[in-house]
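# Structural overview
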Amino acid sequence: MEPEGTPITHELHQAWRRMLLLGLPVVQLSVLAALLFARPDPWDTYYDPPLYLAMSVLLVGCWLAVARSWGSIRQITLIVTAGSGLFLSVKLLLLGFVLRDPYTRVLEVLETLVWLPTVITWTMLTDLAREVRRVLGALLWAVGACSLIIVLWPVVQGEGLPVDLARALLQINLSAAVSLYGASFFMQRNDALGRLHGEQRVLQQLVYTDLLTGLPGRVRLHEQLGRLAAQQTPFAVLFVDVDAFKVINDTLGHAAGDDLLRGLAGELQRLAGPAAQVYRLSGDEFVVLLPDTREPEAHALAQHLLQAPLEPSRRVGVDATVSIGLSLYPDDAQHPTDLLRHADSAMYAVKRAGRRQVRRYHPQQDAATERFQVLARDLGHALARSELSLRFQPIYRLRDRRLIKAEALLRWTHPQLGPVPPGEFIPVAERVGLIMPVGAWVLREACRAARGWPGVRVSVNVSPVQLLQADFVATVREALDHTGLPARRLELELTETAVLYEDDRVARTLQDLRELGVRISIDDFGSGYSNLARLRTMPITGVKLDRSIIAGLSDHETGGFAHALTRAALDIAGHMRAELTAEGIEHPAQLEVLRALGCPLGQGHGLCPPVTPAELDALLAAPQPEIPSGS
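Cut-offs and rules
Residues numbered from 1 in each chain as written. Predicted model: local features only at pLDDT ≥ 70, side-chain atom pairs only at ≥ 80, totals over all residues. Heavy atoms only, no water. Patch = residues over 30% accessible without salt bridge, like charges linked within 9 Å, V, L, I, M, F, W, Y side chains within 5 Å. Areas by Shrake-Rupley, 256 points an atom, 1.4 Å probe, with all protein chains shown as cover. Salt bridge = Lys/Arg side-chain N within 4 Å of Asp/Glu carboxyl O. Helix = DSSP H or I, 4+ residues; strand = E, 2+ residues; numbered from the N terminus. Buried < 20%, exposed > 50% of the residue type's maximum accessible area, 1.4 Å probe, protein only. Phe/Tyr/Trp six-rings, centres within 6.5 Å; stacked < 30°, edge-to-face > 60°. Pairing = 2+ DSSP bridges. Axes fitted to C-alpha atoms, helices over the stretch in contact; angles between N-to-C directions. Parallel < 35°, antiparallel > 145°, perpendicular 65-115°, else oblique. Left-handed = near helix turned anticlockwise from the far one by under 90°. Contact = heavy atoms within 4.5 Å. Nonpolar A, V, L, I, M, F, W, Y, C, P; charged D, E, K, R; others polar.

## Things to note about a nonpolar patch on the surface
- A cluster of nonpolar side chains, contributed by Y46, Y47, L93, F97, V98 and I149, occupies part of the molecular surface with about 530 Å² of accessible area.
- Only α2 (42-67) and α3 (73-97) provide two or more residues apiece to the nonpolar patch.
- Structurally, I149 is set in helix α6 (residues 130-156).
- Overall, the relative accessible area of 38% leaves I149 in the partly exposed class.

Shown next, in the form of structure tokens:
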């Protein structure tokens, strides 16, 4: 039994109380029966009556205490157990020292101790508290000690070992020990299994039920989708998302957001009807399953959800709306996971189109959205699965054909989609918040590879999102310290954006990087923002001319303009004391023009395509290749 003040079930408490109210009178009846059927010998005449009278007083007092609630069930149980132990111990000692007839002594011992295993088992079933077990253990030791005394006392007196008495005492004490420790082990084991079963029920509830709304969760949804698909009857999936939920959390607080979600859960179930099943996936995303439903009915219900006033939004003081994506089985997909993903894609299309609409999945229109979702989901695991790798494109000094730099290029080989272009997955990394861990990995790997290239700098592209992070300088310093690459051999390439020129945080970050010794280069110069006035004040050490300008050098119609832009870029870079690199050199004619104009550096497939670190090692070990001089 648990002590008072702790939460126990009312039924269990009443059961223990009834056990005492019924059990104590039964014990009292046994005491009266022992007195009534007593033998006419001196022991039953002079010694048993006062002992049984004391026991009766104890039993009656405990019964009254239970009936009138004078004490806790545990306290009364302890009193009964301790009183029984005292009664048995005193009687055994008296039997050993007073009663001399061996036959009568064996009978009295059996009569006295026959209740011992019963008392122990009854007490264990009533209460398993630590103090109760200690009292029972003390009782068993006391009875055992008394039994040993009354067996050895005749031996000390020279009367010999009372074999019959010793046998009776041994059997009863063994029976009591088995009752105590067996019941204790069983009760503790049963209690442990009960706790384990309770924990499993709680874990199951956590897995299958959303605690905030009480709705079934993602696991239950996938199970139900599988069952509905196995029945091969049409059903619909509505993917429901609360519009601008982050604004609600940010302005009204998370408590208001939670209240809105709880109310919305009940409202969706009410509006969808008894046949529908509503699930909460995560955050502000809900799914409504409509068994045995085709498109007209599903679309009508979705419109009803959109147009019905949401009472929970009034309670929190906002006009909350929802966007809904719809997919149908088996028309849109036959696999449950695909069906849910299609509904999600349709919902995102609604978000892009202005929200508060319902839209069915369209394969051609939603393919880009689904690909983005797949890339966003799998990119988070790409590092752990070693799917990312680096290639390095050599950058040559054009006048003497010497390899002086290598640009690190990130590559991703998806296990199902194959190679994914950087222009596709880098924006995904920026949007889903993965650019920092991916960028940090690129920095470390590029610095580690460049450490074995004496005299060669490594160039790493940096996203504007990285520059806005407060710990970006620390990330660069950590990569340099971890790999041992000198800071002067690391160059960071920055894409031209408004952020680069207009955000003061970026300016401070660039200055800290220059103080660290890292070189800074502007990538794709001539195709982006090109704030020349601000560029003059930035700590730039290099400029990379956009490949579109280089491509124009070999074009007869645009060649003059491309020449002029290249000369202007050379003048600007020279004024800033920055190196100019021409990227995208594909043809010997372009190379000849650049060399004639005095462009210092160049890269492109016409010079050398991107290579692996091992291939770059081989390039550096071999004699420098002759750069084609054109025709």
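Moving on from the model shown.
## Comments concerning the packing of aromatic side chains
- Evaluation of the coordinates by the stated rule reveals three aromatic pairs.
- Their ring planes at 15° and their centres at 4.9 Å tell us that F235 and Y329 sit as a pair that is stacked. Of this pair, F235 sits in strand β1 (residues 235-242) while Y329 sits in strand β4 (residues 322-329), and the two are 94 residues apart along the sequence. Neither residue differs from the other here; F235 and Y329 are each classed as buried.
- Ring plane angle 85° and centroid distance 5.0 Å describe the contact between F392 and W453, whose orientation is recorded as edge-to-face. Of this pair, F392 sits in strand β6 (residues 388-397) while W453 is found in the loop between α16 (435-450) and β9 (457-462), placing the two residues 61 residues apart along the sequence. Here the two residues F392 and W453 agree in accessibility, since each one is buried.

## Brief notes about the pairing of β6
- The element β6 is extensively covered by neighbouring structure, given that seven of its 10 residues are classed as buried.
- As defined by bridge partners, β6 adjoins strand β7 (residues 402-414) across 10 bridges and the pair is classed as antiparallel. Within β7, the residue paired with R397 across the bridge is R402.
- Connecting the antiparallel pair β6 and β7 is a turn made up of four residues, with R401 showing a positive phi of about 55°.

## Details of the packing of helix α10 (residues 254-272) against helix α11 (residues 295-307)
- Viewed as axis vectors pointing N to C, α10 and α11 meet at an angle of 135°, and their least axial separation amounts to 10 Å. In terms of orientation, α10 and α11 fall into the oblique class. Where α10 crosses over α11, the handedness of that crossing is right-handed. Contacts from L268, L271 and A272 of α10 reach α11 at L301, H304 and L305.
- Grouping the amino acids of the contact of α10 with α11 by side-chain chemistry returns five nonpolar, one polar and no charged.

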